[in-house]
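Each chain, letter by letter, is given below.
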Amino acid sequence: MEILLIVSGVCCILGGLGVILHTNPINKIIMLGLLNVGLIGMIVSSYYLDIAIISSICEPISTIILLLGYMKYLTTLKKKKKYGRDLPILSK
Amino acid sequence: MEILDIIKLIIAGIICWINFVLIDTYFGLPEKPGVLGAKTIGEKIKEIGGNLNGGYFMGNIVCSPDASAGTLLASIMNYLMGVKGGLIAALLVWIGNRLCADPGYAGTIGALTITLIIYLLHPIIGAKYFVGGMILAIFSIQGFEHKYASILLGKIAKKMNRGE
Amino acid sequence: MDIIEGVIGFIALLMVFRIFLTRSRARKLLYLCCLSFCISALIALYVKSPMGGIVAIIYFISSTLTSNAIAYTIEQVKDIE
């Protein structure tokens, strides 16, 4: 019985399902974090320890880049509405 | 034999719970949110009927490695390397605290305290039981029932004059 | 089979299902924190050498950074919405 392998497998399967099923973008990013947890557990369970260190250092960097992209998208969406209201000639 | 293991596990869990809750409360985690993300979690806990100070406590545990992380990592390194592993874990926890923009006194002192406790209790309870006991302790706060856990933490904070 | 690994594995499976089923965003982060405690302890109990301890420490600190970034973004997004 390898408990680490079983837990990591369940993390990967439910994380992948959750990325598809949830609709809010932050929920999707949390589920991607869950999938990363399972991935690192699977790497450790076959004793590739150096690769586990590198991938666990790179995980927060990729998450921060995704979150910055989401915040930039929200601010752009808000600015565009104001811009369209200020220039009514373009909309006519 | 099985029953003896379970009793040792539960005793180690109670020791870990007292250790990290007292140290975190003494260094003022329930008073204010240290980083901005802890404020969100505290308000969410208050929204479902819990206590605000207990919510700040749980948010601070999530957002930066405090005495709870120090207890777990120091007991892991004690199990693997002996006493000098606990000192290495204290150094690495301090670096992690500085990465998350915290002063970092709580994590370091928690790691040193659990190293001392494991060194004193070494002939009776091995360091392996403290790893499992810490998981039981963190499960009783973060995973089981958020409302009653935050009310209990708020009462402890009020008794130690941290928070209202 | 060791009894400590059994207890930790059971708690980890319970946390995974609760993350999947909870609807609130902030409470998912609390469960994720408890799950990363469990995985860190399982790594150290599975690899019985000092290198396993180093992997567990680095994994735990970087998962804390991830939670910190997500909680900060939830606070910022609440103002915009």
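Residues numbered from 1 in each chain as written. Chains lettered and ligands numbered in written order. Predicted model: local features only at pLDDT ≥ 70, side-chain atom pairs only at ≥ 80, totals over all residues. Heavy atoms only, no water.

1. Considerations on empty space enclosed by the protein
What counts, and what does not: Lining residues are those with an atom within 4 Å of a point, where the points come from a 1 Å grid over the protein atoms alone and group into cavities, where a 1.4 Å probe fits but cannot get out, or pockets, open sets with protein on both sides within 12 Å along at least five of seven lines. Grid points are joined across faces, edges and corners, and a volume is the space filled by probe spheres set on the points. What counts as a helix is a DSSP run of H or I of at least four residues, what counts as a strand is a run of E of at least two, and both are numbered from the N terminus. Side-chain classes are defined by residue name, with Ala, Val, Leu, Ile, Met, Phe, Trp, Tyr, Cys and Pro counting as nonpolar, Asp, Glu, Lys and Arg as charged, and the others, Gly among them, as polar.
A complete count under the given rule lists 2 cavities of 30 Å³ or more for this structure. There is about 120 Å³ of room inside the largest cavity. Surrounding the largest cavity, 13 residues form its lining, Leu32, Ser36, Ser63, Thr64 and Ser67 of chain C being those nearest its centre. Of all the elements in the fold, those that place two or more residues in the lining of the largest cavity are α2 (25-44) of chain A, α3 (52-63) of chain B together with α2 (25-46) and α3 (50-80) of chain C. Counting residues per element, the lining of the largest cavity draws most heavily on α3 of chain C, which supplies 4 residues. Approximately 30 Å³ is the volume attributed to the second largest cavity. Around the second largest cavity, the lining residues are Ile3 and Leu4 of chain A together with Glu5, Leu42, Leu45 and Tyr46 of chain C. Those elements that provide at least two residues to the lining of the second largest cavity are α1 (3-21) of chain A together with α2 of chain C. Per-element accounting of the lining of the second largest cavity gives the leading share, 3 residues, to α2 of chain C. Among the residues forming the lining of the second largest cavity, the class breakdown is 5 nonpolar, no polar and 1 charged.

2. Looking at the interface of chain C and chain B
To keep things clear, this is the line we draw: Whether two residues touch is decided by their heavy atoms; if any such pair falls within 4.5 Å, the residues are in contact. In short, buried area is how much 1.4 Å probe accessible area vanishes from two parts on joining, totalled over both. Think of a salt bridge as a Lys or Arg side-chain nitrogen and an Asp or Glu carboxyl oxygen that are within 4 Å of each other. Here a polar contact is taken to be a pair of N or O atoms separated by no more than 3.5 Å, where protein atoms must pair a possible hydrogen donor with a possible acceptor and residues adjacent in sequence count only if both atoms sit in side chains.
Chain C puts 44 residues into the contact, and the matching count from chain B is 47 residues. For the pair chain C and chain B, the summed buried area comes to about 3,800 Å², and 80% of that belongs to carbon and sulfur atoms. Of the charged contacts, one joins Asp2 of chain C and Lys128 of chain B as a salt bridge, the two residues approaching to 2.6 Å between their closest N and O atoms. There are 6 residue pairs in polar contact (both at pLDDT 80 or more) connecting chain C and chain B.

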